[in-house]
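Structural overview
Here is how the chains run, residue by residue.
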Amino acid sequence: MGLLVDVRGLRYRYPDGTEALRGVDFQLEAGETVILLGGNGSGKTTFTLHLNGLLRGEGEITICGQRLSPGTVGAIRRKVGLVFQDADEQLFMPTVLEDAAYGLRNLGYTEAEARKLAAAALERTGIAHCADRAPYHLSGGEKRRAAIAGILAMEPEILVLDEPTTSLDPPGRRELIDLLTGLAQAKVIITHDDRLARALGTRAVFFNKGRISATGGVDELLDRFNWRE
Ligand code: ADP
């Protein structure tokens, strides 16, 4: 019932032949926040890019009961909000407000509706005061909030975040952790940030060479793999 993500036997090879995923099974229930741990190159980012169909490997992916396929990918992209590691990849409109409204306009909302919902999302991420500014002039923390606002505006069921606290200073990290804690969506978070993992994670999985090699409590896995900063 509460199963939001069901991944079975996922395999993916990049066009250059690199075998990035070698059979991943993963489930996410409503209310969970799962932390993805693992070394560089272990397949975490490649895995998350499959959750809304940006990459398509072999295996089965079911999101909110819908099997991912060319016919369902549009609907599934509304359910799975992906926040990239590099906010600059996500922010490209002249102003922060237009950026947050961009996805909604693509979904067919009128300009006025899209702006209204986008403004509410900027409010929620604490960045409404930057609405009319150019995204490239924002600080790292503000950019991250702007990128998250653009995703939240579409009201996804699931949030997927790739290293959301990278390059933030300690106050910026704390603010981001507070922001994420207040969001009700189930989450999948790639992070090396011990504090973030412990504050938000209800469970962790450990990626190793394209597979999930361990799953358990966040503290347990962090300790087991000595994944501390
Ligand atoms: P992680 O997120 O855990 O650091 P990635 O998913 O980025 O791991 O990478 C998994 C594997 O796929 C690595 O061997 C990496 O070098 C490779 N890889 C990632 N992106 C590409 C790409 N665009 N083309 C070829 N190989 C890639």
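Going by the structure above, here's the rest.
Just so it is clear, the structure is predicted and the values come from calculations on it, not from any experiment. (Residues numbered from 1 in each chain as written. Predicted model: local features only at pLDDT ≥ 70, side-chain atom pairs only at ≥ 80, totals over all residues. Heavy atoms only, no water.)

**Some points on the sheet that holds strand β9 (residues 203-208)**
The six strands lie next to each other as β6-β7-β8-β3-β9-β10, forming an open sheet whose pairing is mixed. The open sheet has two edge strands, β6 (80-83) and β10 (211-216), and neither has a second partner. Here the average twist between neighbouring strands, direction ignored, is 20°. Pairing of β6 with strand β7 (residues 158-162), which is carried by four bridges, proceeds in the parallel orientation. When the bridges of β7 are listed, Val83 appears paired with Leu161. The strands touched by helix α5 (residues 140-152) within the sheet are β6 and β7, with β6 carrying the most contacts at an inclination of about 165°. (Pairing = 2+ DSSP bridges. Helix = DSSP H or I, 4+ residues; strand = E, 2+ residues; numbered from the N terminus. Axes fitted to C-alpha atoms, helices over the stretch in contact; angles between N-to-C directions. Contact = heavy atoms within 4.5 Å.)

**Describing the nonpolar core**
Counting 43 residues, the largest nonpolar core has Ile35, Leu37, Leu122, Ile148, Leu161 and Leu180 as the members making the most contacts within it. Among the elements that take part in this core, α5 stands out by supplying six residues, more than any other. (Core = buried A, V, L, I, M, F, W, Y, C linked by side-chain atoms within 4.5 Å. Buried < 20%, exposed > 50% of the residue type's maximum accessible area, 1.4 Å probe, protein only.)

**Describing the pattern of salt bridges**
One pass over the structure, following the stated rule, counts 13 salt bridges. Measuring nitrogen to oxygen at the nearest pair gives 3.0 Å for the salt bridge that ties Asp88 to Lys143. Pair noted here: Asp88 is in the loop between β6 and α3 (96-106) and Lys143 is in helix α5, with a separation of 55 residues, a long-range link. With its nearest N and O atoms 3.1 Å apart, the salt bridge here joins Arg224 to Glu220. Placement of both Arg224 and Glu220 in helix α8 (residues 218-224) is noted, with a separation of four residues, approximately one turn of the helix. Residue classification places Glu220 among the partly exposed positions, given a relative accessible area of 41%. One connected set of salt bridges, linked through shared partners, spans Asp194, Arg198, Asp219 and Asp223. (Salt bridge = Lys/Arg side-chain N within 4 Å of Asp/Glu carboxyl O.)

**Here we look at the packing of aromatic side chains**
Using the criterion set out here, one finds four aromatic pairs in the structure. Considering the side-chain rings of Phe26 and Phe47, the 5.2 Å spacing of their centres and the 70° angle between planes classify their relative orientation as edge-to-face. With Phe26 in strand β2 (residues 19-29) and Phe47 in helix α1 (residues 44-50), this pair connects stretches of sequence that are 21 residues apart. As far as burial versus exposure is concerned, Phe26 and Phe47 are alike and both buried. Chaining the aromatic ring pairs together yields one cluster made of Phe26, Phe47 and Phe207. (Phe/Tyr/Trp six-rings, centres within 6.5 Å; stacked < 30°, edge-to-face > 60°.)

**Here we look at the site of the ligand**
Residues in close proximity to the ligand include Tyr14, Asp16, Thr18, Ala20, Gly39, Asn40, Gly41, Ser42, Gly43, Lys44, Thr45 and Thr46, which together make up its full environment. Within the side chain of Tyr14, one N or O atom sits 3.5 Å away from a nitrogen atom of the ligand. Taking Ser42, its main chain carries an N or O atom lying 3.1 Å from an oxygen atom of the ligand. Contact with the protein chains covers 62% of the free accessible surface of the ligand, which is 560 Å². The element best represented in the shell around the ligand is α1, accounting for three residues. (Near = heavy atom within 4 Å. Polar contact = N/O pair within 3.5 Å; in protein donor to acceptor, adjacent residues only side chain to side chain. Areas by Shrake-Rupley, 256 points an atom, 1.4 Å probe, with all protein chains shown as cover.)

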